[in-house]
Amino acid sequence: MPSAIAQAAVMSAFREPIRVQDFPVPTELALGDVLVRVEMAGMCGTDVHLHQGELKVPLPLIMGHETVGRVAAMGGAVNDWLGRPLTVGQRVTWTVGLTCGQCRYCRVYRLPSRCLNRRAYGVNLPCDKSPHLLGGYAQFHHLRAGTAIFAMPDYLRTESVVGAGCALVTAIHGYERMPLRRGESLVVQGAGPVGLAALAVAKDAGCGPIVVIGGPADRLERCVRFGADVTIDIGAMREPEARLKRVRDLTEGLGADVVVECVGQPAAVAEGWELCRDGGRYLVLGQYCDAGPTMLNPHLIVRKELSIFGSYGSEPQHWAASLEFLRTKAEQFPFHECVTHRFRLDQVNEALQAVARWQTGKAVILPNG
Ligand SMILES: [Zn+2]
Ligand SMILES: [Zn+2]
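Residues numbered from 1 in each chain as written. Chains lettered and ligands numbered in written order. Predicted model: local features only at pLDDT ≥ 70, side-chain atom pairs only at ≥ 80, totals over all residues.

Digging into the pairing of strand β4 (residues 67-74)
In this structure, strand β3 (residues 34-42) lies alongside β4, joined through 7 bridges in antiparallel fashion. If you follow V36 over to β4, its bridge partner there is V71. Pairing analysis gives 3 bridges linking β4 to strand β5 (residues 91-94), with the strands arranged antiparallel. Pairing of V68 across the sheet is with T93, part of β5. (Pairing = 2+ DSSP bridges. Helix = DSSP H or I, 4+ residues; strand = E, 2+ residues; numbered from the N terminus.)

So, the nonpolar core
Ranked by internal contacts, the top residues of the largest apolar core, which has 109 residues, are I62, A198 and L199. Examining the composition of this core, we find that 10 residues originate from one element, helix α3 (residues 158-177), more than from any other. Of the residues that make up this core, three or more belong to each of domain 1 (5-164 + 328-365) and domain 2 (179-310). If we skip the residues at most four places from it in the chain, L199 touches V188, I210, V212, C223, F226, G227 and A228. (Core = buried A, V, L, I, M, F, W, Y, C linked by C-beta atoms within 7 Å. Buried ≥ 20, exposed ≤ 12 C-beta atoms within 10 Å, placed from the backbone. Domains from an automatic or database assignment. Contact = placed C-beta atoms within 7 Å.)

Considering the domain arrangement of the protein
One can read the domain layout of the protein as domain 1 (5-164 + 328-365) and domain 2 (179-310). Inter-centroid distance (C-alpha atoms) of domain 1 to domain 2 is 29 Å. Across the boundary between the two partners, domain 1 contributes 12 residues, which contact 13 residues of domain 2. No other element matches helix α1 (residues 45-51), which puts 3 residues into the side of domain 1 that touches domain 2. Per-class residue counts for the side of domain 1 that touches domain 2 are 5 nonpolar, 4 polar and 3 charged. (Nonpolar A, V, L, I, M, F, W, Y, C, P; charged D, E, K, R; others polar.)

Some details on the sheet that holds strand β14 (residues 276-284)
Strand order in the open sheet formed by 6 strands is β12-β11-β10-β13-β14-β15, with parallel pairing between adjacent strands. Looking at the sheet topology across the chains shown, the edges are occupied by β12 (230-233) and β15 (307-310). If you compare each strand with its neighbour and ignore which way they point, the axes differ by 15° on average. Sheet analysis places strand β10 (residues 186-189) next to strand β13 (residues 256-261), joined by 4 bridges and oriented parallel. Considered in β13, the bridge of V188 is made with V260. Of the strands in this sheet, β10, β11 (210-214) and β13 are in contact with helix α4 (residues 193-204), which crosses β11 at around 180°. Sheet strands in contact with helix α7 (residues 267-275) are β10, β13 and β14, and its direction is about 170° off that of β13. (Axes fitted to C-alpha atoms, helices over the stretch in contact; angles between N-to-C directions.)

Written out as structure tokens, the structure is:
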């Protein structure tokens, strides 16, 4: 068994500095539980929103929901989600959400992302009660029995999985809710991790032209590397009217077949509806946290006959699809290159600032150095 103490970065209050604390590492695991030594934990934009208090999550909390580690101990024999026996020392990743399988959403509506008893590692499982270590910003992570764990093949880089993070599963889930058709024109609003993932999956589905609206320049350059046909720098083209004109010029004067919101700022939605052609489809991915209401013109839904889709979180099959995507498309979509900033556990506050200022491709925490 590992050493008896593990350090973790704990958020005890919103908008206050996060501090490193010691927690006991469980010495005995219940049947089906798995203890993982964390190798790398991604910092998601959601963590910035959580720290700002935009989602009323329970505190104190160890954040981190994009994590790769190695199995340190298991409570009996445990299989991964694909039915493969896990072994100590194996590299694994796992889904954020824990669902009950019993409620109406799990059973009747087949919508486990809306499970009435849903719990999410690093989001709404506080660390004040045993087993404490339920987020990625820690030296060890406790996985409850029933967690969808995935063994990682040797040739799948840790950086690929953390670099894609929950953005790729979010995009895969979103396009399951709103399927894409080959040859469709598509606008991605936002050049951050979710925008990049939404672009990659759409490119792989044969969409084009694909336009990304966002910034700053280094993020847009990465979007071009991932197959964006055109990028629009919001820093250079500040007026929404100018961006609308540019998109229309690229789409026979009509607007895009599909627009995907990956910004997280409510005002983006109003602009996005304008960017759709009549009969177009609009997918909202970026508003996982509640950043508040915005002014919208519902007349556009009627006049344009818009279809509007939302997608919340992800399910285990999206993680399986994501890992396969990363395994087979690493050359075309080098998500491992997104990992640009590495921080120690005691630098989580700096990492949050860097992410909030859009200074990173992907910031990661290395809790074990
Ligand atoms: Zn996330
Ligand atoms: Zn449920």
